Amino acid sequence: MRDLFIVGAGGFGREAVWTVERINAAQQQPVWRVVGFADDDPSKASGNFEGYPLLGSVEKASKDFPGASVFIAIGDNEARRRIYAQLRGFDFPAFIDPSAQVSPTTEFKHGTFIAPEAVVSVGTEIGKFVILSARACVGHDSTVGDFSNIGPGVSLSGHTKIGSDVTMGANSSTSSGVSIADQAVIECGTPVLKDVESRARVTIIDFLKS
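Residues numbered from 1 in each chain as written. Predicted model: local features only at pLDDT ≥ 70, side-chain atom pairs only at ≥ 80, totals over all residues. Heavy atoms only, no water.

Engineer: Whenever I open this one, the pairing of strand β2 (residues 32-38) confuses me. Can you help?
Structural biologist: Remark: a regular strand shows side chains that alternate across the two faces of the sheet. The buried fraction of β2 is high, at 6 of 7 residues. For the segment spanning strand β1 (residues 2-7), helix α1 (residues 11-26) and β2, crossover handedness is right-handed. (Buried < 20%, exposed > 50% of the residue type's maximum accessible area, 1.4 Å probe, protein only. Helix = DSSP H or I, 4+ residues; strand = E, 2+ residues; numbered from the N terminus. Right-handed = clockwise from strand over helix to strand, strands pointing away.)

Engineer: Teacher, can you tell me more about the nonpolar core here?
Structural biologist: If you look at soluble globular proteins, the nonpolar side chains tend to sit buried side by side. Core analysis: the biggest nonpolar cluster contains 23 residues, and L132, I150, I162, M168 and I180 have the highest contact counts within it. Excluding anything up to four places from it in sequence, I162 contacts T143, V144, G145, S148, I150, L156, M168 and I180. Membership of the second largest hydrophobic core comes to 20 residues, among which are F12, V20, L54 and F71. (Core = buried A, V, L, I, M, F, W, Y, C linked by side-chain atoms within 4.5 Å. Contact = heavy atoms within 4.5 Å.)

Engineer: In this structure, what is going on with the state of the cysteines? I would like to understand it.
Structural biologist: Simply put, disulfide is the name for a covalent bond between the sulfur atoms of two cysteines. Evaluation of the coordinates by the stated rule reveals 0 disulfides. Not part of a disulfide, C137 finds its nearest cysteine sulfur in C188, a span of 18 Å. (Disulfide = S-S within 2.5 Å.)

Engineer: What should I look at first to understand unusual backbone geometry in this one?
Structural biologist: The phi torsion of most residues other than glycine is negative, and most of the peptide bonds are trans. Residues other than glycine seldom take positive phi values, yet D165 does so here, at roughly 60°. Even without being glycine, N171 reaches a positive phi, approximately 65°. Secondary-structure assignment places N171 in the loop between β18 (167-168) and β19 (173-174). Take N171: its relative accessible area is 53%, and that puts it in the exposed class.

Engineer: Mind showing me how you'd approach the sheet that holds strand β23 (residues 201-202) here?
Structural biologist: Pairing between the strands of a sheet comes from backbone hydrogen bonds, and it takes one of two forms, parallel or antiparallel. Spatially, the 7 strands line up as an open sheet ordered β6-β9-β12-β15-β18-β21-β23, and their pairing is parallel. Looking at the sheet topology across the chains shown, the edges are occupied by β6 (95-96) and β23. Note: β6 against strand β9 (residues 113-114), 2 bridges, orientation parallel. By the bridge assignment, I96 is partnered in β9 with I114. (Pairing = 2+ DSSP bridges.)

Engineer: What is the right way to look at the side chain of T160 in this model?
Structural biologist: As for its placement among the helices and strands, T160 is situated in the loop between β16 (155-156) and β17 (161-162). Of the polar contacts made by the side chain of T160, one reaches the backbone oxygen of S157; its length is 2.7 Å. Discounting residues that sit within four places of it in the chain, T160 has contacts with S142, T143, T174, S175, G177 and V178. (Polar contact = N/O pair within 3.5 Å; in protein donor to acceptor, adjacent residues only side chain to side chain.)

Spelled out as structure tokens, the structure:
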């Protein structure tokens, strides 16, 4: 088995370790040994979380487990980037929940998380440290850039292009061929029918006014 510590003793951390446990259970032999959770919150410096040890700060865990793999279970895109930079040199596996449906033609990179019942169609490209939440759907020939966070129930139609550090709120959607540029935020439930500029924030009110 390979040692793994998870950064982030919060809600996403709980989801991540649940998926790791499910991955282990689906194999003839477990793949991962979770050594614990690292978190820079001083209140989470010791004790247990989800039945695993709290290892203290990210810096401490990296020194105590220099050969371990790392999963960054933090939803904030900027924070994931910062911790990745802090831990350069470690191995960052991608985790795909056993219930997710992912085309064998999909390309995805390290650090990415594909949650339960997500669907990723043919010809897609998923960047590094992307979060595809539960029941998110990525249509054929779409791309999702590095460090983007695709919320629960999001539906990306075919040929959608998502930039880096984009946040798509729960149950938002795109029409076919739409491009959403870097660092844009699409709020929950918002349909995106036209291209979105970098750093723009799009709400359901914007859709209703269009």
